[in-house]
Amino acid sequence: MEFFKIRLYQQRTWIGILIVFLFVPYDAECSHGGSNLNGLHLRIASLDVRPYMSIEKNQSTYRADGIVYQIIVWLSIRYNFTFSLVLPPDGTFGALVNHTWNGMIGMAINNQVEIIAAPVVPSLDRAEVLDFTTTFSEEPMICLIPAPEPDNSLSAIAKPYDYQVWLVIIFSMLSVAVATWLTSRFGPIRQVMKKNIADKNSKLDNGYMKMSLSDHIFAVFSIICLQPKESSTRSPNSSPLVGSVWCLSTVVLVYLYTGVLISYLTIPKMQPIVETTEELAASPRLHVVAIKNSIFESTLLQSTSGPLQSLGNQLRQHPENSLSGDYYNLNKLLETALLGKFGIILSKSQAESLINMSWKKENRCRLSIMREKIQSTRFCFALPKKSPYSKLISEGIYAMYDVGLIDYWKNRSPRTVTHNCEPTNIKMGMSNQKKKPISLDNLSGAFVVLAVGIAAASFAFVIEIWIAIVQRMKSRH
């Protein structure tokens with residue numbers, strides 16, 4: 001455990017203290033009711049959980065700030081006590097592990113501290129071992145996700161159709177080619193052509209043009225590419241209905257593909273985002289993350305149904321995704337969030353702080369908040385069971401609400417850019433951008449396909465030359 005003195009160093013702290021004396025005068029009767037603690041020194045457990053509590057080390061000293069810190073200072077002046085902050089050794093709020101509480105909750109149970117001054121969320125298991133004050137703040141539990149980004153133009157050439165459609169098209173091409181090949185060789189039109197076509201040459205076999213199965217495949221492929229081969233138009237076919245239906249289908253497929261491809265190249269497309277807990281649980285791209293021994297982790301692990309249970313099972317299967325208490329440091333948590341592969345469960349204020357830090361760092365939206373809120377949470381102070389200070393602190397919080405102090409401190413928090421980084425606003429911002437000519441980046445997929453075709457043709461040409469050389473050498477021997 002680490003003890004340190006608190007330094008009053010910011011103006012808003014003194015403004016709050018001034019409001020105390022101007023608008024909440026001290027009641028002399030309180031000293032007889034036990035409200036005046038007569039300079040009693042209290043040990044208060046807390047964590048660096050911004051924006052509620054900020055604890056920074058400056059050389060050999062520490063300094064604290066934040067909404068919780070302002071509340072502690074106000075209470076210490078109001079009720080005449082001194083205090084020192086105690087940091088939990090494992091850096092966590094606390095959870096029940098192997099029938100033993102750890103973190104700050106364990107410290108309170110073991111009488112190592114008198115108060116837990118942090119955004120503690122009450123729960124049934126915590127209420128069995130702790131007393132809670134009145135609520136000093138409420139906000140939802142949310143999921144911080146990567147912000148939607150423009151889709152990759154390299155794959156735009158394949159985007160108009162789903163992979164299942166491409167498979168059906170390929171299967172249809174092969175089926176049509178086989179059908180035309182079989183009917184051209186064994187169909188009744190062959191007998192008619194034998195009688196009506198007397199001119200025979202090397203290209204004709206018993207009155208019909210020779211076409212192998214590969215010729216039919218290339219003919220069908222050339223039709224869908226709108227570049228018909230001579231053989232595909234002049235070769236007799238005993239089943240014109242098959243060819244006609246294929247040509248009609250080709251017109252629909254090609255023009256539909258062209259229209260969708262143009263939209264993909266000219267209108268910005270965003271990668272799919274996660275908007276609900278069901279989508280988060282089913283997402284192959286995002287893995288759920290929570291800070292170990294926090295209420296957020298406990299909520300997932302204790303859920304027994306629905307998508308929250310699925311998220312809890314993910315945490316059990318990947319224990320490395322339960323982050324240590326060091327990740328209450330927002331700078332460290334930001335590094336994990338910017339990896340773009342995690343959905344981080346935390347409070348809304350923490351998420352907004354991370355988005356704000358990301359914006360200041362890169363001047364663009366890299367993070368966003370999932371549209372669906374997981375559940376509502378309320379924050380309280382916690383004390384050991386039957387603590388003599390529980391009622392006192394609750395009365396102090398009520399008094400601060402009466403004069404608007406807590407709202408004042410909340411409004412003094414840094415402004416965030418979360419509105420600009422909402423997925424809907426990101427999409428609207430991109431759609432409102434000035435339209436630009438199609439660039440090489442937009443057509444990169446087509447040129448990649450062309451490069452692959454050239455490379456394949458060059459490789460086949462080299463193989464043919466090599467085969468020809470080998471055959472010549474064999475013929476000489």
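What comes next is a walk through the structure.

The rules behind the values
- Residues numbered from 1 in each chain as written.
- Predicted model: local features only at pLDDT ≥ 70, side-chain atom pairs only at ≥ 80, totals over all residues.
- Heavy atoms only, no water.
- Helix = DSSP H or I, 4+ residues; strand = E, 2+ residues; numbered from the N terminus.
- Buried < 20%, exposed > 50% of the residue type's maximum accessible area, 1.4 Å probe, protein only.
- Contact = heavy atoms within 4.5 Å.
- Areas by Shrake-Rupley, 256 points an atom, 1.4 Å probe, with all protein chains shown as cover.
- Phe/Tyr/Trp six-rings, centres within 6.5 Å; stacked < 30°, edge-to-face > 60°.
- Lys NZ or Arg CZ within 6 Å of the ring centre and 35° of its normal.
- Patch = residues over 30% accessible without salt bridge, like charges linked within 9 Å, V, L, I, M, F, W, Y side chains within 5 Å.
- Salt bridge = Lys/Arg side-chain N within 4 Å of Asp/Glu carboxyl O.
- Axes fitted to C-alpha atoms, helices over the stretch in contact; angles between N-to-C directions.
- Parallel < 35°, antiparallel > 145°, perpendicular 65-115°, else oblique.
- Nonpolar A, V, L, I, M, F, W, Y, C, P; charged D, E, K, R; others polar.
- Polar contact = N/O pair within 3.5 Å; in protein donor to acceptor, adjacent residues only side chain to side chain.

1. Topic: the overall build of the protein chain
So, point 1. From N to C terminus, the protein chain includes 18 helices and 17 strands.
So, point 2. Counting the 477 residues in the protein chain, one finds 43% classified as buried.
So, point 3. Considering only intrachain contacts with a sequence separation of at least 6, the fraction spanning at least 24 residues in the protein chain is 76%.
So, point 4. Surface summary for the protein chain: the accessible area is close to 26600 Å², and the carbon and sulfur share equals 58%.

2. Topic: the packing of aromatic side chains
So, point 1. Enumeration over the complete set of coordinates arrives at 5 aromatic pairs.
So, point 2. Centre to centre, the rings of Y52 and F379 are 5.2 Å apart; their planes meet at 85 degrees, and the pair counts as edge-to-face. Of the two residues, Y52 sits in the loop between strand 2 (40-45) and strand 3 (54-58) while F379 sits in strand 17 (residues 375-384), which places them 327 residues apart along the sequence. Both residues of the pair, Y52 and F379, belong to the buried class.
So, point 3. Ring-pair connections join several aromatic residues into one group, and the members of that group are Y52, F136, F379 and F381.
So, point 4. Above the plane of the ring of Y327 lies K332, whose end atom (NZ or CZ) is 4.8 Å from the centre.

3. Re a nonpolar patch on the surface
So, point 1. There is a patch of nonpolar side chains on the surface, built from I170, L174, V178, L182, L213 and I217 and spanning about 440 Å² of accessible area.
So, point 2. Residue assignment for the nonpolar patch shows that the elements contributing at least two residues are helix 5 (163-186) and helix 7 (213-224).
So, point 3. No other element matches the 4 residues that helix 5 contributes to the nonpolar patch.
So, point 4. Its place among the elements puts L174 in helix 5.

4. Some remarks on unusual backbone geometry
So, point 1. Cis geometry is found at the peptide bond from R50 to P51, where omega equals 10 degrees.
So, point 2. Locating P51 in the fold gives a position in the loop between strand 2 and strand 3.
So, point 3. Phi is positive for N80, close to 60 degrees, though the residue is something other than glycine.
So, point 4. The class for N80 is partly exposed, based on a relative accessible area of 37%.
So, point 5. Of note in this structure, H99 is not a glycine but carries a positive phi near 65 degrees.
So, point 6. Secondary-structure assignment places H99 in the loop between strand 6 (96-97) and strand 7 (100-101).
So, point 7. By relative accessible area, which is 78% here, H99 ends up exposed.

5. Brief notes about the pattern of salt bridges
So, point 1. Within this structure, the stated rule accounts for 8 salt bridges.
So, point 2. We note a salt bridge from R63 to E56, for which the minimum N-O separation is 3.6 Å.
So, point 3. Note on E56: relative accessible area 31%, which makes it partly exposed.
So, point 4. With a shortest N-O distance of 3.6 Å, K385 and D131 are connected by a salt bridge. Of this pair, K385 sits in the loop between strand 17 and helix 15 (390-402) while D131 sits in strand 9 (residues 130-132); the two residues are 254 residues apart in sequence, bridging distant segments of the chain.
So, point 5. K385 sits in the partly exposed class, given a relative accessible area of 43%.
So, point 6. Where salt bridges share partners, they join D48, R50, E56 and R63 into one cluster.

6. Notes on the packing of helix 2 (residues 67-79) against helix 15
So, point 1. Running from amino to carboxyl end, helix 2 crosses helix 15 at an angle of 110 degrees, the nearest separation of the two axes being 10 Å. In terms of orientation, helix 2 and helix 15 fall into the roughly perpendicular class. The residues of helix 15 that touch helix 2, namely those facing I71, W74, L75 and Y79, are L392, I393, E395, G396, A399 and M400.
So, point 2. Within the contact of helix 2 with helix 15, the residues separate by chemical class into 8 nonpolar, 1 polar and 1 charged.

7. Remarks on the environment of Y62
So, point 1. Its place among the elements puts Y62 in strand 4 (residues 61-65).
So, point 2. In this structure, the C-alpha to C-alpha distance between Y62 and L85, residues 23 residues apart in sequence, is 9.9 Å.

8. Observations regarding the side chain of N36
So, point 1. Here N36 is to be found in the loop between helix 1 (11-23) and strand 2.
So, point 2. Here N80 takes part through its side chain, which lies 3.0 Å from a polar atom of the side chain of N36.

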